[in-house]
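Architecture and fold: a report
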Amino acid sequence: MYPIDLLSPSHLFSNVLSVINSVQLLSRKEAPGAQPTPADFEVNLQTNTGFLPDKPIPRLPEAYSAWEDALTRAQKVLVLGENITEEDTQSRADGELWRLQISELPVISINDLNTDKQLLRRAHKVLAFLVHFYVHSIPHGQRAGSVLIPRSLATPLLEVSEVLRMAPVLTFADTVLWNWDLINPELPVTIENMHFGVDLFSGTEDERNFWFGNAKVEVLGVEMLQLFNEYHSLPNVSDFASVCKINRLLTRLVAIVDRVEETLTGMRDLVDPSTFYWQVRPWFNGSASGPTSPTWVFEDGPDASTLDLSGPSAGQSSVMHALDIFLDIDFKLQQRRYPAPSDSNKRADLGFMERMRRYMPGAHRDYLSHLANTTPQPAVKESYNAAVSAVRKFRDSHIRIACLYVVSMARSTAIPVGCPVFAMMQRIERQQKQVGHATGTGGNELSLLLKSTLDSGQVFIDRDTDTVILCSPRRALSMIHSHCNTLPSRKVVVICQRLAVVVFLTSQFFDQGQGIRKRV
């Protein structure tokens, strides 16, 4: 697929230059004895699914039907607790009855699951979904400083999590890696034949498309894993032929990362930001996700402060961690870099990525450790820097996608009661007073991820196409206010939907000071 004619003068000259420009050639760290394969870490290269299993099982055995039936019922009747009004007596009654039935369930032993990893994965997913449904279906105002997770859920979830060596909370693996099935079981496993978002909280297509976008990145990432495996199959990394091979591998890696970045940015067309932020994302929050958010208490379990309970995050994607390890990207700012780290980067959570690994299945974490211990720094400077630049571009796009909210400007802009965004602004203001700093689903403070100023720029409205180009949320809110009496309500709604996504940021967050390091 990537033929190279070593007799070609252009290729020969390019490879010679790559060797000349190499900073240094490092030998591979060899471990004694036979080396493990990706399959030993539950990384499926033969089936082209990577960190995804060959095929998740659709349902647990009959002995665990109480869990499965509860999940099915939850998806039919439960709504987000903070959206339940005093007048919505039906939703309140449905939620109270469901939670009562959960608390009265017996503690079911997981002994019959221990012999099959697929069963354990399904159990973790079902139990984690049930816990999040249980916590977040409680109406606003009824949650005190803590929420008791009944032993019927707490005990088996803690036990399954211990076997899988992962956090007892909803994770990226539950929502993406294990949340799909085949459209046609008779056909091979391909992205076109995979149905993602089998289990949902909100039941919206936006949530399903969100999981699909993340899953598509994982499927594309399989090509990266195959590339890493090719690299480790080299007899050594210092001879001329190996350097030429490494050069080609890094060139391929750039193309893969570019496709991943395109997939990520394409999610804007599939996921409405306001629907995601208000109807989907709150379900993901874990224990003590904000200053006034309740702490989870596992009945008969350990103290919540000893557990990892942040909830799912794209930062838990094993394939992206593998990419960072392969390129030796330093998120802890421990290595010399140019330019020096900025002040905002120094204040960021330098242990965030390492903490996110604790939410991965233990086998995937073992793979990352193996990769870190056996991967020397690529010796081809120019191709290496090109790959790092591609990762930087991806990180920039990720930051833009992550910033799909406009909350910090709501307090300073008065919105009239008759405006279509009034209800949304009320909820924003209430959440700001409760939570303080906006956080990502992994628990990091998003404000520290931003280096650009949001008060610069202009607003332009194309009345014919309903297109909004927005650089300043503050000005946008003022603009909406001033146009409430002149624009049709349909156009105002369109503006409000796009207000949460079309925020232009300077692409300087992931500079050499935050995670990205170029050779000097």
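Please refer to the structure higher up on the page.
Description of the structure in this document. (Residues numbered from 1 in each chain as written. Predicted model: local features only at pLDDT ≥ 70, side-chain atom pairs only at ≥ 80, totals over all residues. Heavy atoms only, no water.)

1. Notes on the overall build of the protein chain
- Broken down by element type, the protein chain carries 17 helices and six strands.
- Residue burial in the protein chain is summarised as follows: out of 520 residues, 53% are buried.
- Taking the intrachain contacts of the protein chain between residues at least 6 apart in sequence as the baseline, contacts between residues at least 24 apart amount to 77%. (Helix = DSSP H or I, 4+ residues; strand = E, 2+ residues; numbered from the N terminus. Buried < 20%, exposed > 50% of the residue type's maximum accessible area, 1.4 Å probe, protein only. Contact = heavy atoms within 4.5 Å.)

2. With respect to the nonpolar core
- In this structure, Trp67, Phe228, Leu253, Leu327 and Tyr367 are the most contacted members of the largest nonpolar core, which totals 115 residues.
- In contact with Leu327, not counting residues within four places along its chain, are Leu250, Leu253, Tyr384, Ala387, Val388 and Val391. (Core = buried A, V, L, I, M, F, W, Y, C linked by side-chain atoms within 4.5 Å.)

3. As for unusual backbone geometry
- Backbone geometry at Asn48 places phi at a positive 60°, although glycine is not the residue there.
- By the element assignment, Asn48 lies in the loop between helix H1 (9-20) and helix H2 (65-77).
- Given the relative accessible area of 43%, Asn48 is considered partly exposed.
- Positive phi, close to 65°, is recorded for Asp300, a residue that is not glycine.
- Structurally, Asp300 is set in the loop between strand E4 (295-298) and helix H10 (318-326).
- The class of Asp300 is exposed, set by a relative accessible area of 61%.

4. With respect to the pattern of salt bridges
- Inspection of every chain in the model, using the stated rule, returns 17 salt bridges.
- With a closest N to O distance of 2.5 Å, Glu42 and Lys117 form a salt bridge. Of this pair, Glu42 sits in the loop between H1 and H2 while Lys117 sits in helix H4 (residues 117-136); the two residues are 75 residues apart in sequence, bridging distant segments of the chain.
- When its relative accessible area of 18% is taken as the criterion, Glu42 is described as buried.
- Judged by relative accessible area, Lys117 falls into the partly exposed class, the value being 36%.
- A salt bridge links Arg165 to Asp366; the nearest nitrogen and oxygen atoms lie 2.6 Å apart. Here Arg165 is found in the loop between helix H5 (151-164) and helix H6 (172-177), whereas its partner Asp366 is found in helix H13 (residues 362-374), with 201 residues between them in sequence.
- Residues joined by salt bridges that share partners form a network here, namely Glu68, Arg122, Lys125 and Asp199. (Salt bridge = Lys/Arg side-chain N within 4 Å of Asp/Glu carboxyl O.)

5. Some points on the pairing of strand E1 (residues 146-149)
- Alternating positions in E1 separate cleanly, Val147 and Ile149 being buried on one face and Ser146 and Leu148 remaining unburied on the opposite face.
- As paired elements, E1 and E4 share four bridges and run parallel to each other. Bridge assignment links Leu148 to a residue of E4, and that residue is Val297. (Pairing = 2+ DSSP bridges.)

6. A closer look at the packing of H4 against H5
- At their nearest, the axes of H4 and H5 sit 9 Å apart, and the two run at 140° to each other. By the angle between their directions, the pair H4 and H5 is classed as oblique. Regarding H4 and H5, the two cross each other, and that crossing is left-handed. Touching Lys117, Leu120, Arg121, Ala123, His124, Leu127, Ala128, Leu130 and Val131 of H4 are Leu153, Pro156, Leu157, Val160, Ser161, Val163 and Leu164, all from H5.
- Grouping the constituent residues of the contact of H4 with H5 by class yields 12 nonpolar, two polar and two charged. (Axes fitted to C-alpha atoms, helices over the stretch in contact; angles between N-to-C directions. Parallel < 35°, antiparallel > 145°, perpendicular 65-115°, else oblique. Left-handed = near helix turned anticlockwise from the far one by under 90°. Nonpolar A, V, L, I, M, F, W, Y, C, P; charged D, E, K, R; others polar.)

7. Points about helix H9 (residues 273-280)
- Counting buried residues along H9, seven of its eight residues qualify, which places the element largely inside the surrounding structure.
- Within the sequence span of H9, burial applies to Pro273, Ser274, Thr275, Phe276, Tyr277, Trp278 and Val280.

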